[in-house]
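# Working through the structure, step by step
Listed below are the residues making up each chain.
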Amino acid sequence: MDVIFIFSIISIIIFLGFLAEQFFKKTNIPDIIFLILIGIIIGSILKIINIKDFEGGASLFTTFALVFILFQGALNIEFKTLFKSLTSTFKLTILNFIFTVLVVILISYFMGYSLMVAILLGMILGGTSSAVVIPLVNNLEMKQKYGSVLMLESALSDVLCIIGTLTILEIIETKQIIASNIFRSILSSFSLALFVGGIVGIVWVFILSKYDTLSKSEIVTIGLLMGLYSFVESSYVQASGAIAALSFGLILGNSKYILNSKNNNNNKKNKETIRSVVSSSSLNFYSEISFFVKTFFFVYLGMLIDFSNLMVFIYGFILTIGMYLVRPFAVRITFSNIIEHRERIFLEILIPKGLAAAVLAGVAVQAGVFGENAGFVINLILSTVLLSILFTSILIFLTEKNLFKGFLPFLHKKNIK
């Protein structure tokens, strides 16, 4: 493909992405819709770009997008808010994952898929997408404690999807179910990733506080982030690189508390408040990088959609509706206390699927579990990803305009303001 042509397309996408983001801030119509639409126009309608030309670097770019968006989102979460919302986060994540998996299994089984394939589809679609949720939360006016819950849920559920999918694939291959192995895998993946990411983050905070040149060179921190992900995902650790990136971002974002704690221990009389090693200019730089990767991630996602078989979208629509109908139950059980009506709706509708589902669909296809139906199933998963993102985007707009009251409003009549 001609270099000049590629540069022209990149330039146009960046400008359109910027305009879409500004439009989002003024109208509350999510820019994600327009980015996906751009991808659909480029890939399926005009066909000016062949998606196969990007297969080599696609996995590299999408992985970086996921890791960086998690890192950048974590920079804005304070420890105080995190600890307050931790119990709710774990509860909502597990409940929503279980409810979503069950409804996908039920619908898929009635579609004619075998029980194990239906369970596999449930595991693939059981989580929420960090790449979608975090940018949306950052642009919405909602209380930080609920925004933090949604951000952390999207990161944790990705790990559940990955471990769950790989476990089901192993069961299909070996025909053996070992519950202890599943639990051990989940526990070790979370704990190791959090520990390694946290330790690297603390060490990096002290290095940045001592060397002013490094603290002003944000690209070095990004290099360390990529190295951290690689190390945690390698055979040496075999844990979740995404969770490690989240942990690393949390430590950097709360560096002032860590440095102040050390300062107070060394000199109790010193009342000087130490600033974070992540300055406002650094946050702005990371935000710009996040905009870049987010823009091209969703354009690429739109290019992946195949419209040759509309039946795929009918099935995808049914799956999407099912997942949105069970979400309010998870929110109701998790937040039994009084919460504002608007916040409750955001908790119910911010459940889009994304990168993890698309990647895991490819892993399952490579494993050969779908047989001749592989093309149909992967398009079914991608259509569900697309529809869930569209649903979320549209429902956010309607909620902001007070035109949407929730799928099952009767569940919260007793605990809304």
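Residues numbered from 1 in each chain as written. Predicted model: local features only at pLDDT ≥ 70, side-chain atom pairs only at ≥ 80, totals over all residues. Heavy atoms only, no water.

The next point concerns the overall build of the chain. Helix and strand counts for the chain come out as 17 helices and 0 strands. Expressed as lengths along the three principal axes of its C-alpha atoms, the size of the chain is roughly 70 × 60 × 50 Å. Put simply, 82% of the contacts in the chain that link residues at least 6 apart link residues at least 24 apart. When the accessible area of the chain is evaluated, it comes to approximately 19700 Å², of which 65% is carbon and sulfur surface. Of the charged side chains in the chain, 30 are positive and 22 negative; the average position of the first set lies 14 Å away from that of the second. (Helix = DSSP H or I, 4+ residues; strand = E, 2+ residues; numbered from the N terminus. Contact = heavy atoms within 4.5 Å. Areas by Shrake-Rupley, 256 points an atom, 1.4 Å probe, with all protein chains shown as cover. Lys, Arg positive; Asp, Glu negative; His and termini not counted. Charge placed at Lys NZ, Arg CZ, Asp CG, Glu CD.)

All right, on to the pattern of salt bridges then. What the rule picks out here adds up to 7 salt bridges. For lysine 216, the salt bridge is made with aspartate 212, and the minimal N-O distance between the two is 3.2 Å. Arginine 344 is the partner of glutamate 348 in a salt bridge, and the nearest nitrogen-oxygen pair spans 3.0 Å. One end of the pair is glutamate 348 and the other is arginine 344, both in helix α15 (residues 341-349) and 4 residues apart, which spans about a single turn. A single burial state applies to glutamate 348 and to arginine 344, both of which are buried. Salt bridges sharing partners connect three or more residues here, namely Glu21, Asp31 and Lys294. (Salt bridge = Lys/Arg side-chain N within 4 Å of Asp/Glu carboxyl O. Buried < 20%, exposed > 50% of the residue type's maximum accessible area, 1.4 Å probe, protein only.)

For the rest of this paragraph, the subject is the packing of aromatic side chains. Counted by the stated rule, this structure contains 16 aromatic pairs. Between phenylalanine 68 and phenylalanine 71, the aromatic rings sit 5.9 Å apart at their centres with planes inclined by 55°, giving tilted as the arrangement. With a gap of 3 residues between them, phenylalanine 68 and phenylalanine 71 both fall in helix α3 (residues 55-74), about one helical turn apart. In this pair, the class of phenylalanine 68 matches that of phenylalanine 71, namely buried. Through a chain of ring-to-ring contacts, three or more aromatic side chains come together here, namely Phe64, Phe68, Phe71, Phe248, Phe285 and Tyr286. (Phe/Tyr/Trp six-rings, centres within 6.5 Å; stacked < 30°, edge-to-face > 60°.)

The terminal C-alpha atoms of helix α2 (residues 31-45) lie 20 Å apart, and with 15 residues this matches the ideal 21 Å at 1.5 Å per residue to within 8%. Taken together, the buried positions of α2 are Asp31, Ile32, Ile33, Leu35, Ile36, Ile38, Gly39, Ile40, Ile42 and Gly43. Among the structural elements, α1 (3-27), α6 (130-139), α13 (280-304) and α17 (374-400) are those in contact with the buried residues of α2. Lysine 47 sits one or two positions beyond α2 and adopts a positive phi of about 55°. (Expected span 1.5 Å × (residues − 1).)

Turning to its location among the elements, asparagine 96 is positioned in helix α4 (residues 79-110). Those residues in contact with asparagine 96 that sit more than four places away from it in its chain are Gly126, Thr128, Glu153, Arg327 and Ala330.

Attention shifts here to a nonpolar patch on the surface. On the surface, a nonpolar cluster with roughly 520 Å² of combined accessible area is contributed by Phe5, Leu37, Ile41, Ile45, Leu46 and Ile48. Position of isoleucine 45 among the secondary structure elements: in helix α2. (Patch = residues over 30% accessible without salt bridge, like charges linked within 9 Å, V, L, I, M, F, W, Y side chains within 5 Å.)

A few words on the packing of helix α7 (residues 144-174) against helix α16 (residues 355-367). Running from N to C, α7 and α16 cross one another at 10°; their axes reach a closest spacing of 10 Å. Between α7 and α16, the interaxial angle falls into the category roughly parallel. On α16, the residues that touch Asp158, Cys161, Ile162, Thr165, Leu166 and Leu169 of α7 are Ala356, Leu360, Val363, Ala364 and Ala367. Per-class residue counts for the contact of α7 with α16 are 9 nonpolar, 1 polar and 1 charged. (Axes fitted to C-alpha atoms, helices over the stretch in contact; angles between N-to-C directions. Parallel < 35°, antiparallel > 145°, perpendicular 65-115°, else oblique. Nonpolar A, V, L, I, M, F, W, Y, C, P; charged D, E, K, R; others polar.)

Right, let's get into unusual backbone geometry. Of note in this structure, glutamine 238 is not a glycine but carries a positive phi near 55°. Judged by relative accessible area, glutamine 238 falls into the exposed class, the value being 60%.

What follows is about the confidence of the model for the chain. Residues at a pLDDT of 70 or more form 91% of the chain, whose mean pLDDT is 84. Scored below 50 in pLDDT, residues 268-272 makes 4 contacts in the model with residues more than four places away or belonging to other chains. (pLDDT = per-residue confidence, 0-100.)

Bringing the environment of alanine 356 into the picture now. As for its placement among the helices and strands, alanine 356 is situated in helix α16. The spacing of alanine 356 and valine 220 is 136 residues in sequence and 27 Å in space, taken between C-alpha atoms.

Over its 16 residues, helix α10 (residues 218-233) extends 23 Å from the first C-alpha to the last, a length consistent with the 22 Å expected when each residue adds 1.5 Å. Here α10 has its buried residues at Glu218, Thr221, Ile222, Leu225, Leu228 and Val232. The arc that holds the buried residues of α10, viewed along the axis, is 115°, so those residues lie on one side. (Arc of directions from axis to C-beta.)

Once that is clear, we can look at the side chain of threonine 128. Within the secondary structure, threonine 128 is located in the loop between α5 (115-124) and α6. Assessed through its relative accessible area of 2%, threonine 128 is described here as buried. If near-sequence neighbours (up to four positions away) are discounted, threonine 128 is found in contact with Asn96, Val133, Glu153, Ser154, Ser157, Asp158, Leu350, Ile351 and Pro352.

Our focus in this paragraph is the environment of serine 8. Among the secondary structure elements, serine 8 is positioned in helix α1. Accessibility expressed as a relative area gives 35% for serine 8, which makes it partly exposed. Counting along the chain gives 381 residues from serine 8 to isoleucine 389, while the straight-line C-alpha distance between them is 27 Å.

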